[in-house]
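Here are the chains, one letter per residue:
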Amino acid sequence: MNDIAQNPAATSEARPAVLVTGANRGIGRAVAEELSADHHLILAGRDGRVLAELAAALPSAETFVADLTDHAATAAAAAALDLPGGLSGLVHSAGILVNGSVEELSVADWERNFAVNVTAVSELTRLLLPALREARGTVVAVNSGSGFNAKGERGAYSASKFALRAWTDALRQEELAHGVRVSAVHPGRVDTDMQHELRAAEDGAYETERYLRPATVAAAIAFTLRAPEEAVVATIDLRPRAIG
């Protein structure tokens, strides 16, 4: 389902198109807001109502409603996109956090974690590669500090983020000849719903002032998309400044 937000003040024709997954909240929503002044946004997620409300509030936006682990539905939504100038950016912000020790986690837990954090990312990118190549666009994978360092009780999540880092490195090499740039952004702890989940699992206090703001991460992502054409921002490791 792809409905262009009705806003006569601007159209998508003169704006580079960027698709953002997980656009309904957190980092994804902050990316959409950061890019809204000069991009046409394609807001991807499962909640069509929330996405439609956000699209209506932006100068130029449409919705991409699909569960990204439903590959048939994702393929249908991708095929319905109208991208006459190609796709200038693809930001993978959707993801899930699976907590638990190796002893505790089931096969289903592992499969669900990789299905969202790795397989869905790869499949959506594969579907959109022709449009990305046409625009010489940029793929940005929102990774994590857990993509560099694994911790106990978060082995499945860390494993998926290590895998995502490997996937990003491979895609960067594969698409170099096609003019597609590939970036990985590894934020530390961010003030999002996922952070609330993590702190609850850790039985720790939620200290907002110690976390990055979603808008800060969005600014880093925007930098990778807006970097001069001759440059590839391969990796950004973004962490909160230590307090106290």
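This structure is a prediction, so every number in the text was calculated from the model and none was measured.

## Details of helix α4 (residues 107-135)
- Taking 1.5 Å of rise per residue, 29 residues should cover 42 Å, and α4 covers 40 Å from first to last C-alpha, within 8% of that figure.
- If you look at α4, its biggest bend is around 55 degrees, right at L128, and the proline P130 turns up within four residues after that.
- Once α4 finishes, R136 follows within two positions and takes phi at roughly 50 degrees, a positive value.

## Thoughts on the pairing of strand β7 (residues 235-238)
- Burial along β7 is one-sided: I236 and L238 are buried, while T235 and D237, pointing the other way, are not.
- The pairing of strand β6 (residues 181-187) with β7 spans four bridges and is parallel. Paired with P187 across the bridge in β7 is L238.

## Some points on the pattern of salt bridges
- Here the structure, examined in full by the defined rule, presents 10 salt bridges.
- The shortest N-O distance in the salt bridge between R136 and E229 comes to 3.1 Å. Of this pair, R136 sits in the loop between α4 and β5 (138-142) while E229 sits in the loop between α7 (214-226) and β7, and the two are 93 residues apart along the sequence.
- Notably, a salt bridge pairs R172 with D169, separated by 3.0 Å at the nearest N-O pair. With R172 and D169 both in helix α5 (residues 155-175) and three residues apart, the pair spans about one turn of that helix.
- By relative accessible area, which is 18% here, R172 ends up buried.
- Where salt bridges share partners, they join E34, D38 and R226 into one cluster.

## Points about the sheet that holds strand β3 (residues 61-65)
- The strand order across the open sheet built from seven strands is β3-β2-β1-β4-β5-β6-β7, with neighbouring strands paired in parallel fashion. Each edge of the open sheet carries a strand with a single partner, namely β3 and β7. Direction aside, neighbouring strands of the sheet carry axes that sit 15 degrees apart on average.
- Set on the sheet, helix α1 (residues 26-35) makes contact with β1 (17-21), β2 (40-45), β4 (89-92), β5 and β6; between it and β1 the angle comes to about 160 degrees.
- Contacting β1, β3, β4 and β5, α4 crosses the sheet at an angle of about 175 degrees to β4.

## What about the packing of helix α3 (residues 71-79) against α4?
- The contact between α3 and α4 brings their axes to 10 Å, and the two run at 30 degrees. One way to sum up the angle between α3 and α4 is to call them roughly parallel. For α3 against α4, the interelement crossing comes out right-handed. Judged by residue contacts, H71, T74, A75 and A78 of α3 engage T119, E123, L124, L127 and L128 from α4.
- The class makeup of the residues in the contact of α3 with α4 is five nonpolar, three polar and one charged.

## Observations concerning the confidence of the model for the protein chain
- For the protein chain, mean pLDDT is 90; residues scoring 70 or higher make up 87% of the total.
- Ignoring residues within four places in sequence, the model shows residues 1-11, a span with pLDDT below 50, making 23 contacts including any to other chains.

## Some remarks on the pairing of β5
- Of all five residues that make up β5, five are buried, and the element is covered over most of its length.
- Burial of β5 is two-sided: the residues T138, V140 and V142 facing one way and the residues V139 and A141 facing the other way are all buried.
- With α4 bridging β4 and the parallel β5, this β-α-β connection has right-handed handedness.
- In this fold, β5 hands off to α5, which returns the chain to β6; that crossover is right-handed.

## Structural notes on the nonpolar core
- Ranked by internal contacts, the top residues of the largest apolar core, which has 31 residues, are V31, L43, V91, V217 and I221.
- Within the residue set of this core, elements represented by two or more residues are β1, α1, β2, α2 (48-57), β5, α7 and β7.
- Of the residues forming this core, the biggest block, six residues, is contributed by α7.
- In this structure I221 touches I27, V31, V91, V140, V142 and V185, once residues within four positions along its chain are discounted.
- The next biggest cluster of nonpolar side chains, apart from the first, holds 27 residues, and it includes L90, A120, L124 and A141.

## What about unusual backbone geometry?
- Although it is not a glycine, R136 sits at a positive phi angle of roughly 50 degrees.
- Residue R136 is classed as partly exposed on the basis of its relative accessible area of 48%.
- Residues other than glycine seldom take positive phi values, yet E153 does so here, at roughly 75 degrees.
- Assessed through its relative accessible area of 47%, E153 is described here as partly exposed.

What counts and what doesn't
Residues numbered from 1 in each chain as written. Predicted model: local features only at pLDDT ≥ 70, side-chain atom pairs only at ≥ 80, totals over all residues. Heavy atoms only, no water. Helix = DSSP H or I, 4+ residues; strand = E, 2+ residues; numbered from the N terminus. Expected span 1.5 Å × (residues − 1). Bend = angle between axes of the 7 residues up to and from the residue. Buried < 20%, exposed > 50% of the residue type's maximum accessible area, 1.4 Å probe, protein only. Pairing = 2+ DSSP bridges. Salt bridge = Lys/Arg side-chain N within 4 Å of Asp/Glu carboxyl O. Axes fitted to C-alpha atoms, helices over the stretch in contact; angles between N-to-C directions. Contact = heavy atoms within 4.5 Å. Parallel < 35°, antiparallel > 145°, perpendicular 65-115°, else oblique. Left-handed = near helix turned anticlockwise from the far one by under 90°. Nonpolar A, V, L, I, M, F, W, Y, C, P; charged D, E, K, R; others polar. pLDDT = per-residue confidence, 0-100. Right-handed = clockwise from strand over helix to strand, strands pointing away. Core = buried A, V, L, I, M, F, W, Y, C linked by side-chain atoms within 4.5 Å.

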